[in-house]
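# Results of the structural survey
Take a look at the letters that make up each chain.
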Amino acid sequence: MTSDPRITQVLQKIVPADQQVRESAWKKMNSLIKPPGSLGRLEECAVQYVSARGDLNAKVQKPSLLTFAGDHGIAEEGVSITSQDVTTLMVKCMSMGGAGINVLTRHEGMIHHVVDVGMAQPCPFKNIIHRRVANGTRNFTKGPAMTETQCADAIVAGMEETQKLIDAGSTLVGTGEMGIGNTTPSAALYSVYLQLTPEKVCGCGTGVSSEVIRKKVQVVKKGIEVNQDLIAKGPFETLQSVGGLEIAAITGMILQAASQKVPVLVDGYISSAAAVAAIRMNPAVLDYCFFSHLSGDLGHGQAMAALGIKPLLDLGMRLGEGTGAALACNLVEASVKILAEMMTFEQAGIIL
């Protein structure tokens, strides 16, 4: 584990969600004017949210989402259907408000920012937060994707940008990413953290062929083998070895939010890999994570099963950017309003 005090101090602040609030929330939920459990997972969402906040009366305020952008040296291994130029083009589109994540965050009324934490090409676009740590990662089949300092700086970038949202009043934050080739480092992280074979977690990404999937499997195996000595040191070193700058930033985002008792809407395949990294650094992080949707990338299902998690939505989506997290925002907000605004049997004058 890194000795960087910026990270260790945050890790030390993360504690499990408030069990007393959890118990009170379930007691209140079961007193509402409905059959117990009849609102299904909405009930679970509400209880998780208020216990994470440590306040039975907690509300969702100023929900926000950060899309972190970064490029990957592993792309040179031919594990993606497009070139890294597409990262830059998509970030440009996001800066203009025309990407899928822009549409959905506007629809949900979420604050949304795009953060360049490690793109390979210049990013001269308006409306972009510049936190670039490096011009992409290195090819992890030839050594660690990042230096220790780069990985730590990317995590801290995520932490600091998240704290800005929290300081501005956000009580619910969502994760998003943009980076061609980033399903391959995500698969490598799943394989190490969850002890799953690369064959189980390497999926189609944005739509690659079965031949490319086989290549991804071999690339992940080689990357883990080449970096085994560093990986064996712990979860931070694993992230440094086979992760990505935007994945590290999302890890930092989740850690910071959890340290401030702010729940996180975790997007799909890539963001979930960052969440697993954060959970491995401090298991209490799990209490603060809403896994928003099951990615259409089959490897995500394997990873979620290994964690014992059933994501909130299953729409066959695999775009990334934070789109699933944006959609799940409404569910969490609705669940909290149910707990806060629905009458109890006693208030309704109904005696059973």
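Below is a summary of the structure that appears in this document. (Residues numbered from 1 in each chain as written. Predicted model: local features only at pLDDT ≥ 70, side-chain atom pairs only at ≥ 80, totals over all residues. Heavy atoms only, no water.)

Turning to the packing of aromatic side chains, a few remarks are in order. Summed over the entire model, instances satisfying the criterion amount to one aromatic pair. Taking the centre distance of 5.2 Å and the plane angle of 80° together, the rings of Tyr-190 and Tyr-269 count as edge-to-face. Of this pair, Tyr-190 sits in helix 7 (residues 183–193) while Tyr-269 is found in helix 13 (residues 269–281), placing the two residues 79 residues apart along the sequence. Tyr-190 gets classed as buried once you look at its relative accessible area, which sits at 0%. The buried category is assigned to Tyr-269, whose relative accessible area is 4%. (Phe/Tyr/Trp six-rings, centres within 6.5 Å; stacked < 30°, edge-to-face > 60°. Helix = DSSP H or I, 4+ residues; strand = E, 2+ residues; numbered from the N terminus. Buried < 20%, exposed > 50% of the residue type's maximum accessible area, 1.4 Å probe, protein only.)

Turning to the sheet that holds strand 5 (residues 264–266), a few remarks are in order. Across the sheet, which stays open at both edges, the six strands sit in the order 3-2-1-4-5-6 with parallel pairing between neighbours. A strand with exactly one partner marks an edge of an open sheet, and here the two such strands are strand 3 (128–130) and strand 6 (289–291). The sheet shows a mean angle of 30° between the axes of neighbouring strands, direction not considered. Lying over the sheet, helix 4 (residues 85–95) contacts strand 1 (64–70), strand 2 (111–118), strand 3 and strand 4 (173–178), oriented at roughly 140° with respect to strand 4. Sitting on the sheet, helix 13 is in contact with strand 4, strand 5 and strand 6, with an inclination near 120° to strand 4. (Pairing = 2+ DSSP bridges. Axes fitted to C-alpha atoms, helices over the stretch in contact; angles between N-to-C directions. Contact = heavy atoms within 4.5 Å.)

We now examine the packing of helix 7 against helix 9 (residues 210–226). Helices that pack against each other are described as a pair by the angle of their axes relative to one another and the distance between those axes. Running from amino to carboxyl end, helix 7 crosses helix 9 at an angle of 55°, the nearest separation of the two axes being 10 Å. The angle between helix 7 and helix 9 falls in the class oblique. The two elements helix 7 and helix 9 meet at a crossing, and its hand is right-handed. Each of Thr-183, Thr-184, Ala-187, Ala-188, Ser-191 and Val-192 in helix 7 lies in contact with helix 9, whose residues at this interface are Lys-216, Val-219, Val-220 and Ile-224. Here the contact of helix 7 with helix 9 is composed, by residue class, of six nonpolar, three polar and one charged. (Parallel < 35°, antiparallel > 145°, perpendicular 65-115°, else oblique. Left-handed = near helix turned anticlockwise from the far one by under 90°. Nonpolar A, V, L, I, M, F, W, Y, C, P; charged D, E, K, R; others polar.)

All quantities given are derived from atomic positions and should not be read as evidence of function.
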